[in-house]
Amino acid sequence: MIGQHQIQPQLLRPTACVSDADLRRRGRKRVTGPAKKAIETGRTRAVIAGVVFALGFVAVAGRLVDLALYHQGSEPKLAEALAGSHGILAPARDRADIVDRNGVVLATTLTTASLYADPKQIINADAAAQKLAGILPQLDIDETAERLKADRRFVWLQRNLTPRQQVSVNRLGIPGIHFQRDQRRVYPHGRLASHVLGFAGVDNHGLAGAERFFDSQLQRAEGAGTDLQLSLDIRAQHVLYEELSAAVKEQKALGGSGLIMDVENGEVLAMVSLPDFDPNRANTASDLGLFNRNTLGVYEMGSTFKIFTTAMALEFGAADLDDIYDVARPIRVARHTISDLHSSGRPLSVSDIFIKSSNIGAVHLAMAVGGAAQREFLTRLGMFAKPALELPEIGFPLQPRRWREINTMTVAFGHGVAVSPVQLATAVGAVANGGTLYQPTVLKRRDDEPISAQRVLSGTTSEKMRGLMRQVVTKGTGRRAAVPGYEIGGKTGTAEKPGRRGYNRRKLLSSFVGVFPVANPRYVVLVLIDEPKGVGGNSRRATGGWVAAPVVGQVVRRAGLMLGVSPQEPPEEIVPEAVQPIIKVSAGGRVFAPE
Amino acid sequence: MRQAVFWLLAVFVAGAGLYQLKYRVQTEEAKLTALNRTLFAEQEALHVLAAEWTYLNRPERLAELNRRYTKLKPVTAPQMAGLDEVPLPEAAHARLTGETQ
């Protein structure tokens, strides 16, 4: 077409020139008078017409040059848009993938086919429904037949078919049955990391967990290399999940939670909360299953708080490891009495107070420091602020409105203040790692990333605390956490859950927080079991030392190598069982130990 | 006159050439679109396969397969040793650790 346009001016111009020249030559010689005037008029008209045509052709030529040289025209533009940024067509995905720290896919978006029908084209609705139901078990035959007879041009039959189902349906060759491209969020690991990942709804919007917190980032992402990389290690997650669920099942407990955190940067390597849910079927999840105990739940932690009480006393110089306290007599304050489960009847050193988990001793230590300093110290450890974890489900810690003497006393052994497990693990990590508090994160930190760190404790205190935590496992309440190959240090905790009428001695929250390897800690492992029934159904064996410590031990034994910790010499011999105190506060607010 | 014939010919040749070129480009573009479509399908298939691979490699499933088909047990910490604990000839040791003595 362009060629034809080009040809025309070339053809016209010579013809016009010839006639024009002829006119001029002849006109001068022969024509005069009115005839000449008429010719002049004709000539002027011809010139005007010529100029107009010439301008038109110049415009066409100009446009041609413009198209050929400067613009790529409409078709190449389209191809470029298709080609994507790398010159290759990338499948358009609504949402970026989520991967673990090793690049294992945790959440991805798959293109699926959704099945719909045009009832006008269906010849035999009943037969078609019968055939389809054979491939798609979720379809109800009668209902489908009803839909296929509807007086419409479009009815959905089923969303998000598997590729195999799609092929089978296609093979049926029923006219009037069509596929529509659709996208679906898929979590290949199912329940394994459900609370960290959360889930996305049918419209591909994040509704919980990281899916929700990073929703805009996940939706903005285009092309490859924009995966969201979490700090989770799916292998460690699996180990923790297995061990925790086994313990919860055996203990017939209400639930449990566990987490593994890197003490050197706050990365969460594993985080399990039971009961849980399957993010692939999030619409069927119960409220209890959706609840993330590690971040949203706040609990009175019990004796694990003695880590902070003891560290505080050492840090502020209120006591040293060898100082002796009289713990024989219960402490009475106002209407409350604080005592130990098994009173040793003799004075204990600060070390023994920690190792044997004496409530009376912890109260003495806290009183030696004072309430104001205690509150300030716990604030420094992040106990009263929302942790900066990148999940939408974060619980706000609870503390007494007015910090009285009784609060100083109960907080010393972990009652009267409720914090989330992730807060506890973060603070224990800081106590163990030399005294630096790192904010917890579910994102894998880049090597060059500056980590916000806060010094909360001296290295000397941290070293003493590591020694104490080690002794808890070698000869104290946490003996059952000991495993060959790794030296674990830690602290048990057994808190009574507050009920409608004071604390309930039958309903315990048993926990163990461990760090390993204790000499140079790399990871903190925290396990909480909610209302364990006790080892062998014996309710006296439902304490943190009995039910939670072994879980931490097993997790370390199985996950230690995965987490890249070199094993050490076998641990020293295990000494016989020690006492595990239980706190009890009766309806009147009295605190005393059970028989 | 000669000049006019020359230009006329030139115009025909150029026109025919352009026509040819245009159709060639159209053919190539059709090929490109087809290739892109194939690539698209392949990438999507890859994506599905990657998801399936992850699904089949769930730690839970691997543990079950291991239990059923092999007699392997998880490596335990006491089984691990540093390179310096392995009795090797000194030369081999130096080569492996990159140390020169």
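Because the structure is predicted, anything quoted here is derived from the model rather than measured.

Cut-offs applied
Residues numbered from 1 in each chain as written. Chains lettered and ligands numbered in written order. Predicted model: local features only at pLDDT ≥ 70, side-chain atom pairs only at ≥ 80, totals over all residues. Buried ≥ 20, exposed ≤ 12 C-beta atoms within 10 Å, placed from the backbone. Helix = DSSP H or I, 4+ residues; strand = E, 2+ residues; numbered from the N terminus. pLDDT = per-residue confidence, 0-100. Contact = placed C-beta atoms within 7 Å. Axes fitted to C-alpha atoms, helices over the stretch in contact; angles between N-to-C directions. Parallel < 35°, antiparallel > 145°, perpendicular 65-115°, else oblique. Left-handed = near helix turned anticlockwise from the far one by under 90°. Nonpolar A, V, L, I, M, F, W, Y, C, P; charged D, E, K, R; others polar. Core = buried A, V, L, I, M, F, W, Y, C linked by C-beta atoms within 7 Å. Domains from an automatic or database assignment. Pairing = 2+ DSSP bridges.

Participant: Can you help me understand helix H12 (residues 306–315) of chain A in this one?
Facilitator: Summarising burial for H12 of chain A: 10 of the 10 residues are buried, a large majority. When we look at burial in H12 of chain A, the residues that qualify are Lys306, Ile307, Phe308, Thr309, Thr310, Ala311, Met312, Ala313, Leu314 and Glu315 of chain A.

Participant: What is the right way to read the confidence of the model for chain A from this model?
Facilitator: A low pLDDT score tells you not to read the predicted coordinates there in detail. All names here are of chain A. Predicted confidence across chain A gives a mean pLDDT of 84, with 85% of residues reaching 70 or more. Taken element by element, the predicted model of chain A shows its lowest mean pLDDT in helix H3 (residues 74–83) (47) and its highest in strand E20 (residues 523–530) (96). A low-confidence stretch, residues 1–17 (pLDDT under 50), is modelled with 16 contacts involving residues beyond four sequence positions or located in other chains. Segment residues 571–595: pLDDT under 50, and 73 contacts once partners within four positions in sequence are set aside and those in other chains are kept.

Participant: How should I be thinking about the packing of helix H4 (residues 125–135) of chain A against helix H6 (residues 163–172) of chain A in this particular structure?
Facilitator: How two helices pack is summed up by the angle between their axes together with the distance between the axes. Residue and element names in this part refer to chain A. It is the contact of H4 with H6, at a shortest axis distance of 10 Å, that shows an interaxial angle of 155°. What the angle tells us is that H4 and H6 run roughly antiparallel. The hand of the H4/H6 crossing is right-handed. When H4 is examined against H6, the residues Lys131, Leu132 and Ile135 are found in contact with a partner set consisting of Gln165, Ser168, Val169 and Leu172. Residues belonging to the contact of H4 with H6 are distributed by class as follows: 4 nonpolar, 2 polar and 1 charged.

Participant: It is not clear to me how the nonpolar core should be interpreted in this structure. Could you clarify?
Facilitator: Here is a general trend for soluble globular proteins: nonpolar side chains tend to be buried in one another's company. Residues and elements named next belong to chain A. Formed by 132 residues in total, the largest nonpolar core has its most connected members in Leu106, Val428, Ile488, Val524, Val527 and Val552. Split by domain, the residues of this core number at least three in each of domain 2 (98–229) and domain 3 (237–278 + 294–443 + 455–559). Setting aside residues no more than four positions away along its own chain, valine 552 makes contact with Ala481, Ile488, Gly490, Phe512, Gly514, Val525 and Val527.

Participant: How should I be thinking about the sheet that holds strand E9 (residues 268–274) of chain A in this particular structure?
Facilitator: Whenever strands of a sheet pair, they do so through backbone hydrogen bonds, lying parallel or antiparallel. Residues and elements named next belong to chain A. With antiparallel pairing, 5 strands are arranged side by side in an open sheet as E9-E8-E20-E19-E18. The open sheet has two edge strands with one neighbour each: E9 and strand E18 (489–499). Between one strand and the next, the sheet's axes are offset by a mean angle of 15°, whatever the strand orientation. Sheet topology note: the strand E8 (residues 255–262)/E9 ladder contains 6 bridges and is antiparallel. Bridged to methionine 261 within E9 is valine 268.

Participant: What is the right way to look at helix H14 (residues 359–369) of chain A in this model?
Facilitator: For an α-helix the count is 3.6 residues per turn, leaving residues at separations of three or four pointing the same way. Residue and element names in this part refer to chain A. Burial analysis of H14 places 9 of its 11 residues in the buried class, the great majority of the element. Of the residues making up H14, those classed as buried are Asn359, Ile360, Gly361, Ala362, Val363, His364, Leu365, Ala366 and Val369. Among the residues trailing H14, glycine 370 stands out with phi positive, at a value near 100°.

Participant: What's the story with the pairing of strand E2 (residues 105–117) of chain A in this structure? I'm lost.
Facilitator: Consecutive residues of a regular strand have side chains that alternate between opposite faces of the sheet. All names here are of chain A. Across 2 bridges, the pairing between strand E1 (residues 98–99) and E2 is antiparallel. Bridging across to E2, valine 99 finds its partner in valine 105. The antiparallel pairing of E1 with E2 creates a hairpin that spans 5 residues between the two strands, and glycine 103 there sits at a positive phi of about 90°. For E2 and strand E4 (residues 177–186), the ladder comprises 10 bridges, and the chain directions are antiparallel. Along E4, the bridge assignment pairs threonine 108 with valine 186. Direction of pairing for E2 relative to strand E3 (residues 155–161): antiparallel, over a ladder of 4 bridges.

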